[in-house]
Amino acid sequence: MRDNNVDQALKALKKKMQREGTFREMKRRNYYEKPSERRARQKAEALRRARKLARKHAIREGLIAGKT
């Protein structure tokens, strides 16, 4: 905690938890998730990650325009 600034420390903690996906995990664990729903969610997440990676590769190769 810098200079005993609680607000700054809380903001840093929230940012770190957001990056690590802790909030999403807590929200997901609030209710029971059926195994079929779990598989569907994991498949969708994997697809999202694969598309993101493919998009990054395409931008790096110059096949599509990146953010300007």
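Everything that follows concerns the structure shown earlier in this document.
In what follows, the accompanying structure is described. (Residues numbered from 1 in each chain as written. Predicted model: local features only at pLDDT ≥ 70, side-chain atom pairs only at ≥ 80, totals over all residues. Heavy atoms only, no water.)

1. Here we look at the pattern of salt bridges
Selection criterion: For this analysis, a salt bridge means a side-chain nitrogen from Lys or Arg found within 4 Å of a carboxyl oxygen belonging to Asp or Glu. Per the convention used, a helix needs a DSSP run of H or I reaching at least four residues, while a strand needs a run of E reaching at least two, with both numbered from the N terminus. Burial status follows relative accessibility: with a 1.4 Å probe on protein chains alone, a residue under 20% of its type maximum counts as buried, one over 50% as exposed, and anything between as partly exposed.
As enumerated under the stated definition, the model contains 5 salt bridges in all. Between Arg28 and Glu25 there is a salt bridge, with the nearest N and O atoms lying 2.9 Å from each other. Separated by 3 residues within a single helix, Arg28 and Glu25 lie in helix H2 (residues 22–28), roughly one turn from each other. Arg28 sits in the partly exposed class, given a relative accessible area of 29%. Using a relative accessible area of 29% as the deciding quantity, one classes Glu25 as partly exposed. Note that Glu25 and Arg29 form a salt bridge whose closest N and O atoms lie 2.6 Å from each other. Ionic contacts of the salt-bridge type, sharing partners, join the residues Glu25, Arg28, Arg29, Glu33, Arg41 and Glu45 into one network.

2. A few points about the environment of Lys52
Considering the arrangement of structural elements, one finds Lys52 in helix H3 (residues 35–61). With 24 residues separating them along the chain, Lys52 and Arg28 place their C-alpha atoms 22 Å apart.

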